[in-house]
Structures are given as structure tokens and as C-alpha cells.
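Notes for the structure review
Listed below, chain by chain, are the residues.
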Amino acid sequence: MSDTVLHAVDVHKRFGRLWVLKGVSLEVTKGETVCIIGPSGSGKTTFIRCINHLEKIDGGQIEVNGRFIGYRRRNGELVEDSERNIARQRTKIGMVFQRFNLFPHKTALENVTEAPIHVLGLPKKDAIDKAKVLLTRVGLADKFDTYPGKLSGGQQQRVAIARALAMEPALMLFDEPTSALDPEVTGEVLSVMEELALAGTTMIVVTHEMGFARRAADRVMMMDDGLIIEEGTPEHFFLSPEHERTKQFLSKIL
Amino acid sequence: MHALVAVDLHVIWQQVFHPHSVFFRTLWATVYISVVAQAAGVLLGLLAALARVSRFAPLRWISGVYVWIFRGTPVLVQIFYVYFAFSWPTLHFGFWTIPDAAIAGIVALSINEGAYMREIIRAGIDSVDKGQMEAAKSVGMTYGKAMRRIILPQAARVIVPPLGNEFNNMMKTTSLVYTIGVFEMFAYAEQNYSQFFIADYFLAIAVWYLLLTTIWTFIQAYIERRLAVSERGEELSFRERLQAAWNPMTSWARGGGG
């Protein structure tokens, strides 16, 4: 087997009459960190939501670890997979949301142990031990028993990262993880993400943080109007972007 | 002519503080009919609410027709129809007997209650942020597990206060099953009245209903407090809950829901 974690080919997505993804292809190998940048409405968020089938796709195919996501082959045709199978595949794909989406009725620790215990069936004690290690790793060793309502945005997002990591996913998706945060706390979330990237986590990050992209990304994708219009190393984007749209976009956000 | 203030304190005293042993049987009937009917009503309402938010259109329609019919017709009519259209068994549990009329009454009241509970439970489910279902799915939960473990526990906080009001109503509405011959609290008062023509039997029974609903107010405040780790991470004290129960405006002002 190759080291390919994500294999997305010609992904199409429509919302009614709106054509959001017009044939996006992306290959991500193990240990890579890929940043997706682009103006709002370019389809970058929709694309990563398709990767764990929070959105159905209308064309193309997506494989994670060599398995179709959301669909299976029947008589040569792709049909939507059973709910149970989709749920099982999602355990291998971690997702961090723009608005954290922590479970407000559970403590930080319970947020992290919830799925390992009740989805993977891990013994409670093991799950708790693991959650404590993860929460410590994201710098929240003193917040185990705190409810999300009492945590700052940056702390909530770090719990959310720990929650996703607890499933030991093959791929981590970050959907604008710092866009809902105050500027002074984006740093603490980004540094956690940088450590993950450095430790060899396979991640796809939709972000406007070019500083993060420069420090952590192996490759950067520029999306516009439902397509990846340019790809390259972070240096390429800073020094010599080719596409006119990319130049415009970068001049606005840098 | 009777006196304008027709209160016979002796009858009230007698009925409230030294009731006949038969009275306690009727009090028990009122309590068990309300509790069972409310519990079944919540269950029906939950099923109907889940049907209402289901992806399968036929389930949504069934749920809609159910609410349409049972909220749109008098509960008294429903009680009579359920009692007379079907034959109901009389159940015996040791020395406790539930007559057929009481069973018919419970069935009718719970079906009626389910229609109201559906709206309350659906509003509770709707009050939970859409991101919660996505987050639950993203860690590998199925729809059912996400509902059970993530959505409904959060919806409960929004559901419980109106549910408490529903139960308060239910305890009083049970008096209607007297009309199909269930011997409950109101029937007891009515029977005494038709024997002695003293209206104070009704006043005395009102005191008993008031006692039941007041006890319930305390129980409800306790339950809400148990549920009340709010999203802002603050807890209301028992006393604050109780105040909120007595003065609903304060609980709205707190935005207890979202």
C-alpha cells in the first residue's frame, strides 16, 4: 500500500443551483500538512466537509486510507453507504470546527472521552487516562473538570482538538479553526496545531493564517470559485504566486 | 337565602385534615392517573417529535396528522370515544385494582398529552445548535446515538420547564375522567355534594389539588436544578429555580434556553 491518506478525484458539489465544487482533486500522503486558502465562498470549507461526508458529493470520489467515504460500489455504481459504515469511517477522520462545537453539557474531560468510550468501546479508565494525556498535551492539564461554558474560545478549541485526536484519526481536518477566536488567543491554538504538524499528523487546514501556513504547511492550495487554481510550497506562494487571483487574494490578506 | 360567603369551615377542616379513608383511594387514583398518563404522554411526544424531525416524509406526515387531530378536538370527546369505542380490561396488581374506565382515561389523556409534548420536545431539539449533531457525527456517532447522548440531554433543559407545566395541567385535567365513571378526587367531591348539597366539598377538593400542584412545584425545581449546568457554566440555586417557577417572567428574562 502507498502512503496515500486522502485521494479525492474530481469532486463536485451543488447546493441547489449553486455550483460550489467544480471538480476538486487532492492527494494527501501520510504525515503531510496541507493548507487550503482562498476567498470566502470559494468552496474550501465545503470541500473538507465532503471529506468526512458531512456534505454529500454530487460527482467524483473521495477515498481515505483507500476506502470510499460515504459511498460504496454496488454493481459498478457508487451508492450512498449505510449510516453505520459512514459513522465508522468518520472515526478515522478528525474534524475541528470553526465554532468548536464542544458538548456543553459535558466537562472538558468528558468531551474527550465521550466518543472513545461510547463509539470505540474503550474501557472507561483507559479513555480517561488517554484524555488526560491529550488535554495535557494541548496545555489544559488544569481544566479537566471544567465545562466549556467556563473556557475561553482558545481553550475550547484546544479541547476540540484533543477530542478529535482521542479517536486516533488517520486524517485531521481543520475548518478555519481560528476564525472565531480573538486575535490574542489564536496563537495558542496555532502553536498546538504546529506541534501536531511537526509530530507527523496528517492534516488538512482551511485557514487564513498565512503565518501558520508558512511555518507548518508542506503544501498550500489556493481555491477560487470551486476549483484549486494554484498549488505549491508556502515559499512559492509568498515569493512567486503565478495566478492573478492568487496575487490579488494574498495582497489582501497579507 | 344562603349567606353570600357560603364557606362551611367545618366541612373544609374535616375534608382537608381528617378526610375519610375512601378519600385517600381517590387521591391515589388522581395521582397514579396523572403520573402514568404524563409519562406515557412524554414517551408518545418523544416518538412523535423524532418522527417530525426524521428524514422520512411519511413519518413526518403521521406525526403532523396526530398533532392536528388530538390538539384540534376536545379532550373530553377523546376520553368518551376511547372509553366507549373499545373494551378495556380491568387490571389487578395484588390489592390494587385499576378499573377499565381508569385505563381508558389514562390512554386518552396520554394520547392527548403526547400531541402537546411533541411540540415541546421538538422545540427543545430545535434549540440545540446544529453544530452539535455535526460534531457528534464527526467523532463517529450514528444519528440515533447522537440524539440520545448529545442532542436530547441538551434539549432536556429546554423541555423540562414546560413539561412541568404540562404535568401541573395534567393533575387538574384528570378530573375529567370522572365523567366516564372513574372514582377519583373530583368524583369523591361530587358524590359528597350530591348527597349533602354542600358546595364546600368542591372547595376542599380544590385545596387538595392545590397541595398536589404545590408539591410538584418543589419537585420540578429540584429536577431543573439537577439539569442546570448551563452553557454559561453557571448553576441556578434551588431557591432561584423555585422563584422562577412561581414567577415565569424571571426565568424568561434569564433566557433559560436559547
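First things first, this report covers the structure right here in the doc. Counting starts from 1 at the beginning of each chain's written sequence and moves along it residue by residue. Chains carry letters and ligands carry numbers; both start at the beginning, A for chains and 1 for ligands, and go up in the order they are written. Reporting of local features is limited, given that this is a predicted model, to residues whose pLDDT is at least 70; pairs of side-chain atoms are given and counted only at 80 or more, and all residues count toward the totals for whole chains, interfaces and linings. Calculated side-chain values reflect all of the structure's heavy atoms, with hydrogen atoms and water omitted.

To continue, consider the overall build of chain A. The helix and strand tally for chain A stands at nine helices and twelve strands. Whereas a compact globule of 254 residues would reach a radius of gyration of roughly 18 Å, chain A reaches 18 Å, a difference of no more than 12%. In this scheme, a residue with accessible area under 20% of its type's maximum is buried, one over 50% is exposed, and one in between is partly exposed, where area comes from a 1.4 Å probe on protein chains only. Split into buried and exposed, the 254 residues of chain A put 56% on the buried side. Contacts are assigned to residue pairs with any non-hydrogen atoms lying within 4.5 Å of each other. Residue pairs in contact within chain A that sit at least 24 positions apart in sequence constitute 63% of those at least 6 positions apart. Secondary structure follows DSSP: runs of H or I at least 4 residues long count as helices, runs of E at least 2 residues long count as strands, and numbering of each begins at the N terminus. For the radius of gyration, the atom set is restricted to C-alpha positions; the globular benchmark scales as 2.2 Å times the number of residues to the power 0.38.

Below, the discussion takes up the nonpolar core. With 48 residues, the main nonpolar core has Leu6, Phe47, Ile48, Ile51 and Ile204 of chain A as its most contacted residues. The biggest single contributor to this core is helix α7 (residues 143-173) of chain B, with eight residues. In this view, Ile204 of chain A contacts Leu6, Leu26, Val28, Val34, Ile36, Ile48, Ile51, Leu171, Met172, Leu173 and Phe174 of chain A; residues no more than four positions away in its chain are not counted. Ala131, Leu140, Leu165 and Leu250 of chain A belong to the second-largest nonpolar core, a separate cluster that totals 44 residues. For our purposes a nonpolar core is just a set of buried Ala, Val, Leu, Ile, Met, Phe, Trp, Tyr and Cys residues, chained together by side-chain atoms within 4.5 Å.

Attention now goes to the pairing of strand β9 (residues 171-175) of chain A. Residues and elements named next belong to chain A. Across the five residues of β9, five count as buried, placing the element largely inside the fold. Residues Leu171, Leu173 and Asp175 point to one face of β9 and Met172 and Phe174 to the other, with burial holding for every one of them. At least two DSSP bridges between two strands are needed for those strands to be called paired. With four bridges joining them, strand β8 (residues 93-96) and β9 adopt parallel strand pairing. Across the sheet, the residue bridging to Val96 is Phe174, located in β9. Taken together, β9, helix α6 (residues 183-198) and strand β10 (residues 203-206) form a β-α-β motif whose crossover is right-handed. The handedness rule is simple: strands pointing away from the viewer, and a clockwise path from the first strand over the helix to the second, make the crossover right-handed.

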